[in-house]
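Summary of the model geometry
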Amino acid sequence: MRAPEPDRSIVVYIDADACPVKDETYRVAGRYGLHVYVVANSFITLPREPWIERVIVSDGFDAADDWIAERARPGSVVVTSDVPLASRCVKAGAEVLAPTGKPFSESGIGLALATRNLMQDLREAGTVTGGPRPFSARDRSAYLGALDRTVMRLKRGGFG
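Residue numbers run consecutively from 1 along every chain, following the written order of its sequence. Residues qualify for local features only when their pLDDT is at least 70, as the model is predicted, and side-chain atom pairs are given and counted only at 80 or more; totals for whole chains, interfaces and linings, by contrast, use all residues. Side-chain numbers here rest on the full set of heavy atoms in the structure, without hydrogens or water.

1. Looking at helix 1 (residues 22-32)
Heads up, the rule is: Three exposure classes are used, based on accessible area relative to the maximum for each residue type with a 1.4 Å probe and protein chains only: buried under 20%, partly exposed in between, and exposed over 50%. Numbering of helices and strands starts at the N terminus; helices are DSSP runs of H or I of at least 4 residues and strands are runs of E of at least 2.
Looking only at helix 1, the buried set comprises K22, E24, T25, Y26, V28 and A29. One or two residues past the end of helix 1 sits G33, with phi positive at roughly 70 degrees.

2. What about the packing of aromatic side chains?
Just so we agree on the cut-off: Each pair of aromatic rings taken from Phe, Tyr and Trp, with Trp reduced to its six-membered ring, is defined by centres within 6.5 Å and is described as stacked if the planes are under 30 degrees apart, edge-to-face if over 60, and tilted in the remaining cases.
Counted under the stated rule, the structure contains three aromatic pairs. Seen in terms of ring centroids, Y13 and W67 are 6.0 Å apart; in terms of plane orientation they differ by 70 degrees. Their pairing is edge-to-face. Of this pair, Y13 sits in strand 1 (residues 11-15) while W67 is found in helix 2 (residues 63-71), placing the two residues 54 residues apart along the sequence. Overall, Y13 belongs to the buried group, its relative accessible area being 6%. Note on W67: relative accessible area 16%, which makes it buried. With 5.7 Å between their ring centres and 50 degrees between their planes, Y37 and W67 make a pair best called tilted. Of this pair, Y37 sits in strand 2 (residues 35-40) while W67 sits in helix 2, and the two are 30 residues apart along the sequence. Like W67, Y37 is buried. Put simply, the rings of Y13, Y37 and W67 touch in pairs and so form one group of aromatic residues.

3. Focus on the sheet that holds strand 4 (residues 76-79)
Worth spelling out the cut-off: Note on pairing: two strands pair once DSSP finds at least 2 bridges between them.
Strand order in the open sheet formed by six strands is 3-2-1-4-5-6, and the pairing between neighbours is mixed. Sheet topology places strand 3 (52-56) and strand 6 (103-104) at the edges, where each strand pairs with a single neighbour. The pairing of strand 1 with strand 2 spans five bridges and is parallel. Its bridge partner lying in strand 2, D15 is registered against V39.

4. Re the nonpolar core
Let me state the cut-off plainly: By nonpolar core is meant a set of buried Ala, Val, Leu, Ile, Met, Phe, Trp, Tyr and Cys residues that side-chain atoms within 4.5 Å join together. Between two residues, a contact is recorded if the distance between any of their heavy atoms is within 4.5 Å.
One finds I14 and V38 to be the most contacted residues of the largest nonpolar core, which totals 25 residues. Mapped onto this core, the elements with two or more residues apiece are strand 1, helix 1, strand 2, strand 4 and helix 5 (137-156). Per-element accounting of this core gives the leading share, five residues, to helix 5. Excluding its chain neighbours within four sequence positions, the residues that come into contact with I14 are C19, K22, T25, Y26, V36, Y37, V38, V39, I68 and V79. By size, the runner-up hydrophobic cluster in this structure holds 22 residues, among which are V39, A69, V90 and A98.

Printed below as a string of structure tokens:
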């Protein structure tokens with residue numbers, strides 16, 4: 001008996017609670033016919049499309065992250081600004097994009113984690129009191145381009 005074929009579909013997972021690019025993701029996914037999972041700890045209004053699926057997880061710490069990380073695989077695209085989640089998904093072989101369009105990669109995830117941890121320590125010590133710069137139209141545009149390029153690269157790699 002042969003082993004089952006691996007799933008070659010492209011699936012998008014959105015870490016949705018604070019994601020500013022959900023609509024952009026739906027637009028690109030609709031163009032390519034991709035299934036999108038919108039994962040959150042609470043109800044989020046979604047477009048009524050059969051290929052967009054709402055997943056509400058418990059309020060438990062990292063419940064949404066765990067749900068996404070357990071399903072991340074080669075051929076999936078994860079949209080998150082959560083660096084520890086990005087690290088888990090990159091290790092699983094997924095493509096991971098921040099809402100600004102910045103890709104997380106195997107070679108850069110260690111530095112991203114170290115920077116995140118350093119900034120968290122500085123905030124806790126009161127040294128750094130500001131957060132990230134406001135999300136901009138340029139970030140939105142960069143994300144759209146990055147998501148489109150990522151999907152095209154996966155399609156060229158035999159996913160679809």
